[in-house]
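As a plain string of letters, each chain reads:
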Amino acid sequence: MNRQCLLRPIILLILCLLIVSIPAMSRAEQPREKWVDDKEPMSKLAQAERYANIMLLKEKRPAPAKPKRWLLFGKTGFEFDDNVPLLTNMKQYRDGAQDTKAARFTISPGVAYEFYRDASRKAGVSYQYSHYLHSNDMDQYNFQNHQVTVYGTQNMTAWDRPAQLRLNYAFALGVLNRNTYSSSNVWNGAWTGEYADNLLVTVYQGLGSINFRDKGFDKNFSSRDGFYGQTGVVQTFLFGQRRRSLSFGYELAVEDTRGKDFKALMNGARVRLVTPVIEKVMFESSFYFQVADYRHFSIHPNRLDFRYQYEFLLSRPITRNIKATVYYKRTDVHDAHAGVLPQFNYSRNIEGMELTYAF
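Scoring rules and cut-offs
- Residues numbered from 1 in each chain as written.
- Predicted model: local features only at pLDDT ≥ 70, side-chain atom pairs only at ≥ 80, totals over all residues.
- Heavy atoms only, no water.
- Helix = DSSP H or I, 4+ residues; strand = E, 2+ residues; numbered from the N terminus.
- Buried < 20%, exposed > 50% of the residue type's maximum accessible area, 1.4 Å probe, protein only.
- Core = buried A, V, L, I, M, F, W, Y, C linked by side-chain atoms within 4.5 Å.
- Contact = heavy atoms within 4.5 Å.
- Polar contact = N/O pair within 3.5 Å; in protein donor to acceptor, adjacent residues only side chain to side chain.
- Salt bridge = Lys/Arg side-chain N within 4 Å of Asp/Glu carboxyl O.
- Phe/Tyr/Trp six-rings, centres within 6.5 Å; stacked < 30°, edge-to-face > 60°.

Q: How would you summarise the environment of isoleucine 322 if you had to cite specific residues and measurements?
A: Here isoleucine 322 is to be found in strand β13 (residues 322–335). Looking at isoleucine 322, the relative accessible area reads 25%, which means it is partly exposed.

Here it is in structure tokens:
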């Protein structure tokens, strides 16, 4: 029996435990991080939705009398990935004997300190370490990431309603098999406001540079070093006494890399539904579509990717500070010129479980 067959009944067992487990006092609202993949789009749309959710949580429960300046947070998880190296699903262009499947164990602890706050503003710094461990002789994909973030928020009023401006700077260092893989410097800004009853809008901007140590066969063609930017907007509609939400987002992304093969203009759209299922069990479903145009690609016709990404999650708080989640994610990427560029056609399925915590 393979690992995938073993994992599925375990996930069903965990799901049952989530439904019948003891009631929890509140949700642990730490963001889920995706598996590190340099081909995955930066999920600014999801980040924008989180800003809106944080604002809503403030309405649901009062702030503690003396909020802590220190926060310990993170996650640990186990999942099964059927295409770790992202090999093409066109079998005539791949080695049938090459293994693509592996189980992955994730640990990602972090700590944050809020060094300034007043009635409407706060600022802090955080550090998070992430480690991804693989089975099935896939240890060449074991990835580590160190990220330091300095952040600030400003609460304000717009349309006679609460609004929030958020700004952060993050430096990240990636390590692959004990060797430096990449380093990045990224600025993110977002503004969220409720312009009418149950209607929230978020606009955001991300700007940054990434330096990859591996430049490929020729840095003028295969280097991914360069400038990365994302601009987007997310519209969220709240319903069911503000316990449910439906979001629509659009994002324009630019990747201005040194290597011409990775210069790209991307347009993406996202739909996300969040709703309670039973007691404190929450269901989330999202669909992401992106068109990536590599107009300077060295082979003609140029590379044109269509990405479809689906996510389904069930989560439930276990205690006041711990939340359990089971999930399934699927990604399909199709190039418009698969006959010439078959290596960019692939599919991927990930199913797993994780615990997030915040103290």
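Q: Describe the nonpolar core, with residues and values.
A: By size, the foremost hydrophobic cluster in this structure holds eight residues: Ala253, Ala264, Met266, Ala292, Tyr294, Phe297, Leu341 and Phe344. For this core, the secondary-structure elements that each account for two or more residues are β10 (264–278) and β11 (281–294). Setting aside chain neighbours within four positions, we find alanine 292 in contact with Leu265, Met266, Arg303, Leu304 and Asp305.

Q: Could you give an account of the side chain of aspartate 335, with specific residues and numbers?
A: Following the sequence through the fold, aspartate 335 ends up in strand β13. One polar contact links the side chain of aspartate 335 to the main-chain amide nitrogen of leucine 304, over a distance of 3.1 Å. Apart from residues no more than four positions distant in its own chain, aspartate 335 is found in contact with Arg303, Leu304, Asp305, Leu341, Phe344 and Asn345.

Q: Run through the environment of tyrosine 127, naming residues and quoting values.
A: By secondary structure assignment, the location of tyrosine 127 is in strand β3 (residues 121–134). We classify tyrosine 127 as partly exposed; its relative accessible area is 32%. Tyrosine 127 sits 43 residues away from alanine 170 along the chain, and the two C-alpha atoms are 9.5 Å apart. Discounting residues that sit within four places of it in the chain, tyrosine 127 has contacts with Phe73, Pro109, Gly110, Val111, His146, Gln147 and Val148.

Q: Explain the pattern of salt bridges residue by residue, including any values.
A: Enumeration over the complete set of coordinates arrives at 16 salt bridges. Between aspartate 81 and arginine 104 there is a salt bridge, and its shortest N-O distance comes to 3.0 Å. Of this pair, aspartate 81 sits in strand β1 (residues 70–81) while arginine 104 sits in strand β2 (residues 102–117), placing them 23 residues apart in sequence. Grouping residues by exposure puts aspartate 81 and arginine 104 together as buried. Look at the salt bridges and you will find they share partners, linking Glu79, Asp81, Arg104 and Arg348 into a network.

Q: So what's going on with unusual backbone geometry? Residues and values would help.
A: Here the bond from histidine 300 into proline 301 is cis, since omega is 0 degrees, no more than 30 degrees from zero. Within the fold, proline 301 resides in the loop between β11 and β12 (303–317). The phi dihedral of arginine 242 falls on the positive side, at around 65 degrees, and the residue is not glycine. When you line up the elements, arginine 242 lands in the loop between β8 (226–239) and β9 (244–257).

Q: Go over the packing of aromatic side chains, please, and point to the residues and values.
A: The full count for this structure, using the stated rule, is 11 aromatic pairs. With 5.9 Å between their ring centres and 85 degrees between their planes, tyrosine 181 and phenylalanine 212 make a pair best called edge-to-face. Here tyrosine 181 is found in strand β6 (residues 179–196), whereas its partner phenylalanine 212 is found in strand β7 (residues 199–212), with 31 residues between them in sequence. Looking at phenylalanine 212, the relative accessible area reads 7%, which means it is buried. Relative to phenylalanine 344, the ring of phenylalanine 297 lies with its centre 6.0 Å away and its plane at 85 degrees, an arrangement referred to as edge-to-face. Of the two residues, phenylalanine 297 sits in the loop between β11 and β12 while phenylalanine 344 sits in the loop between β13 and β14 (346–358), which places them 47 residues apart along the sequence.

Q: Help me get a handle on the side chain of serine 285, residues and values and all.
A: For serine 285, the location among the structural elements is in strand β11. Aside from chain neighbours lying at most four places away, what touches serine 285 is Val271, Arg272, Leu273, Glu311 and Phe312.

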